Amino acid sequence: MKKTMLFLLATILLWSCKSESRYTTASAEIEQVKALLKDYETGNWEAWKGHYADTAKIYHNSTKSSSVADVSKVLASNLEDMSAYGFQDKDQFFEMVVDDEGDKWVNFWGTWDGTIAENKQTLEIPVHITAQFANGKIVEEHAFYNMSELAMAMMALEEAKEKESMEDSEE
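Worth saying up front: this structure is predicted, and the values here are computed from it rather than measured.

Colleague: I'd like to hear about a nonpolar patch on the surface, residue by residue, with values.
Modeller: On the surface, Tyr-23, Phe-93 and Trp-109 cluster together into a nonpolar patch covering about 300 Å² of accessible area. Note that Trp-109 resides in strand β5 (residues 104-116). Look at Trp-109 and you get partly exposed, because its relative accessible area is 35%.

Printed below as a string of structure tokens:
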């Protein structure tokens, strides 16, 4: 009886010490974010949208949420002038955190590369994405990246076109 009680006590003690991992670099949710990035890189917008819940709130460089459909349109239009784009394989980092409320968040840090088709100018933009998952889908996403380098490059390209057009009309 004493051995049984000691065994039960030890089992209860060990069981109570077991806790769920709150941080990991390998999970199904991380694999889904990797697939999301791959769909973005290949321009597979229907598959890209499939990673999100119907009611997902997406915040890209904003405190106001947008719908999945609206964000996909903006991202696709940002890429129209690019001959190549994607995330560098080196220095990518993924992690999943389970917060105090039990919510699962996947964080991604990486560098986006793009080449402007018209003048072959290359750009490197650091990107951070954090996505909350529920029932296997992204329900909330925050992404931060500085689009000013791309905007300035496109403005410089337009200015060069205007200058060339004016020079052609003067001849």
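After that view, the rundown keeps rolling.
Colleague: Can you tell me about the nonpolar core, naming the residues and giving the values?
Modeller: In this structure, Tyr-40, Trp-48, Tyr-52, Phe-108 and Trp-112 are the most contacted members of the largest nonpolar core, which totals 36 residues. Here the element with the most residues in this core is strand β6 (residues 122-134); it accounts for six residues. Leaving out residues up to four positions away in the same chain, Trp-48 has contacts with Leu-36, Asp-39, Tyr-40, Val-68, Val-71, Ser-72 and Leu-75.

Colleague: Give a description of helix α2 (residues 28-42) that names residues and reports values.
Modeller: Every α-helix winds through 3.6 residues per turn, so residues three or four apart in the chain are directed the same way. Its 15 residues place the ends of α2 21 Å apart at the C-alpha level, agreeing with the 21 Å of an ideal helix rising 1.5 Å per residue. Those residues of α2 that sit buried are Glu-29, Ile-30, Gln-32, Val-33, Leu-36, Leu-37, Asp-39 and Tyr-40. Backbone geometry just after α2 places Gly-43 at a positive phi near 70°.

Colleague: Hey, could you go over the pattern of salt bridges for me, with residue numbers and the actual values?
Modeller: In this structure the tally under the stated criterion is five salt bridges. Lys-49 is the salt-bridge partner of Glu-46, the closest N and O atoms lying 3.3 Å from each other. Of this pair, Glu-46 and Lys-49 both sit in helix α3 (residues 45-49), three residues apart, which is roughly one turn of the helix. Relative accessible area serves as the criterion here: at 59%, Glu-46 is assigned to the exposed category. Under the relative-accessibility criterion, Lys-49 is labelled partly exposed at 28%.

Colleague: Summarise the side chain of Glu-141; cite the residues concerned and give the values.
Modeller: Structurally, Glu-141 is set in strand β7 (residues 137-145). Every residue in contact with Glu-141, bar those within four places of it in the chain, is listed here: Leu-36, Tyr-52, Lys-57, Ile-58, Tyr-59, His-60, Ile-129, Thr-130 and Ala-131.

Colleague: Let's hear about unusual backbone geometry: which residues, and what values?
Modeller: A positive phi angle, close to 55°, is found at Asn-61, a residue other than glycine. On the accessibility criterion, Asn-61 (38% relative accessible area) is partly exposed. One non-glycine residue, Asn-135, lies in positive phi territory at about 55°. Structurally, the position occupied by Asn-135 is in the loop between β6 and β7.

Colleague: So what's going on with the pairing of β7? Residues and values would help.
Modeller: Where strand β2 (residues 52-60) and β7 come together, five bridges link them in parallel fashion. Looking at β7, one finds that Tyr-52 is bridged to Ile-138. As defined by bridge partners, β6 adjoins β7 across eight bridges and the pair is classed as antiparallel. Opposite Gln-132, over in β7, you have Glu-140 as the bridge partner. Where β6 folds back on β7, the antiparallel hairpin that results is connected by two residues, among which Asn-135 adopts a positive phi of roughly 55°.

Colleague: Break down the packing of aromatic side chains for me, citing the residues and quoting the values.
Modeller: What describes a pair of aromatic rings is the distance from one ring centre to the other and the angle between the planes of the rings. Summed over all chains, the structure comprises eight aromatic pairs. For the pair Tyr-40 and Trp-45, a centre-to-centre distance of 5.8 Å together with 85° between the ring planes defines the contact as edge-to-face. A relative accessible area of 10% means that Tyr-40 is categorised as buried. With a relative accessible area of 18%, Trp-45 lands in the buried category. One Lys or Arg, Lys-34, reaches over the ring of Phe-94 and ends 5.2 Å from the middle of that ring.

Rules of the game
- Residues numbered from 1 in each chain as written.
- Predicted model: local features only at pLDDT ≥ 70, side-chain atom pairs only at ≥ 80, totals over all residues.
- Heavy atoms only, no water.
- Patch = residues over 30% accessible without salt bridge, like charges linked within 9 Å, V, L, I, M, F, W, Y side chains within 5 Å.
- Areas by Shrake-Rupley, 256 points an atom, 1.4 Å probe, with all protein chains shown as cover.
- Salt bridge = Lys/Arg side-chain N within 4 Å of Asp/Glu carboxyl O.
- Helix = DSSP H or I, 4+ residues; strand = E, 2+ residues; numbered from the N terminus.
- Buried < 20%, exposed > 50% of the residue type's maximum accessible area, 1.4 Å probe, protein only.
- Core = buried A, V, L, I, M, F, W, Y, C linked by side-chain atoms within 4.5 Å.
- Contact = heavy atoms within 4.5 Å.
- Expected span 1.5 Å × (residues − 1).
- Pairing = 2+ DSSP bridges.
- Phe/Tyr/Trp six-rings, centres within 6.5 Å; stacked < 30°, edge-to-face > 60°.
- Lys NZ or Arg CZ within 6 Å of the ring centre and 35° of its normal.

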